[in-house]
Amino acid sequence: MADDLSDSQIATLKNLMLGWQTELKALEEEAASWSDTVELDQQSVGRLSRMDAMQQQEMAQAEARRRISDLARIDIALKRIDEDEYGWCAECGEPIAYKRLEIDPAAALCIGCAS
């Protein structure tokens, strides 16, 4: 564990990640129907054009990809906590600043390597 991070800071960051993970999984379940095939009801009033519906579908799919990526990052960070490697930059080995981890608790790189 990074020298800069206390046990209470690690616990706080872990709780943040677990909460974030729960939110993302709930969104994933809720959004499952958002990326379904676009079908337009030609009889309905105020219907979306096919292009608008396709654009919304693509945006929903992009959000789903981002959620999957974030969930993977959280899983990796939680494993790093279990392995006592959390808080260290995966590239240079230097400690990751607590302020950076507060903003993105799943960050695997220090600010220098992330730039």
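Further up the page is the structure itself.
Let us look at the structure shown here.

A look at the overall build of the protein
1) Next: Looking only at helices and strands, the protein features 4 helices and 0 strands.
2) Next: Starting at the N terminus and walking to the C terminus, you meet the elements of the protein as α-α-α-α.
3) Next: Of all 115 residues assigned to the protein, the portion counted as buried reaches 29%.
4) Next: Long-range contacts, defined here as pairs at least 24 residues apart, represent 54% of the contacts in the protein between residues at least 6 apart.
5) Next: Of the roughly 7700 Å² that the protein leaves accessible, carbon and sulfur atoms contribute 52%.

Let's talk about the nonpolar core
1) Next: Formed by 18 residues in total, the largest nonpolar core has its most connected members in L5, M17, I74, I81, Y86 and L101.
2) Next: Of all the secondary structure elements, the ones that give two or more residues to this core are α1 (7-30), α2 (50-82) and α3 (98-103).
3) Next: Top contributing element to this core by residue count: α2, with 5 residues.

Quick word on a negative patch on the surface
1) Next: A surface patch of negative charge is lined by D7, D82, E83, D84 and E85.
2) Next: Among the structural elements, D82 can be located in helix α2.
3) Next: On the basis of relative accessibility, which here comes to 62%, the residue D82 falls in the exposed class.

Points about the packing of α1 against α2
Axes are the key here: two packed helices are described by the angle between their axes and the distance separating the axes.
1) Next: The interhelical angle for the contact between α1 and α2, taken along N-to-C directions, is 150°, at an axis separation of 10 Å. Taken as axis vectors, α1 and α2 run roughly antiparallel relative to one another. The crossing of α1 and α2 is left-handed. Every residue of α2 that contacts α1 at I10, K14, M17, L18, W20, Q21, L24, K25, L27 and E28 is listed here: A64, R67, D70, L71, R73, I74, D75, A77, L78, I81 and D82.

What counts, and where the lines are drawn
Along each chain, residue indices are assigned from 1 in the same order as the chain's sequence is written. Reporting of local features is limited, given that this is a predicted model, to residues whose pLDDT is at least 70; pairs of side-chain atoms are given and counted only at 80 or more, and all residues count toward the totals for whole chains, interfaces and linings. Only hydrogens and water are set aside; all other atoms, that is, all heavy atoms of the structure, feed into the side-chain values. Strands are runs of DSSP state E lasting at least 2 residues, helices are runs of H or I lasting at least 4, and numbering of each runs from the N terminus. Exposed residues in this analysis have more than 50% of their type's maximum accessible area, buried residues have under 20%, and partly exposed residues fall in between, with area computed by a 1.4 Å probe over protein chains only. The contact criterion used throughout is that any non-hydrogen atoms of two residues lie within 4.5 Å. In these tables, accessible area is a Shrake-Rupley quantity obtained with a 1.4 Å probe, and a residue counts as shielded only by the protein chains included in the view. Nonpolar core, defined: a set of buried Ala, Val, Leu, Ile, Met, Phe, Trp, Tyr and Cys residues in which side-chain atoms within 4.5 Å join the residues together. Patch rule: a residue counts if its relative accessible area is over 30% and it has no salt bridge; like charges are joined within 9 Å, and nonpolar side chains (Val, Leu, Ile, Met, Phe, Trp, Tyr) within 5 Å. Salt bridges are defined as contacts in which a side-chain nitrogen from Lys or Arg sits within 4 Å of a carboxyl oxygen from Asp or Glu. Positive: Lys, Arg. Negative: Asp, Glu. His and the chain ends are not part of the count. Just so you know, the charge point we use is NZ for Lys, CZ for Arg, CG for Asp and CD for Glu. Axis angles are defined between N-to-C directions and span 0 to 180 degrees, where every axis is a line fitted to C-alpha atoms and, for a helix, only to the segment in contact. Convention used here: angles under 35 degrees read as roughly parallel, angles over 145 as roughly antiparallel, angles from 65 to 115 as roughly perpendicular, and any remaining angle as oblique. In a left-handed crossing the near helix is turned counterclockwise from the far helix by less than a right angle, and in a right-handed crossing that turn is clockwise.

These figures capture arrangement, not role.
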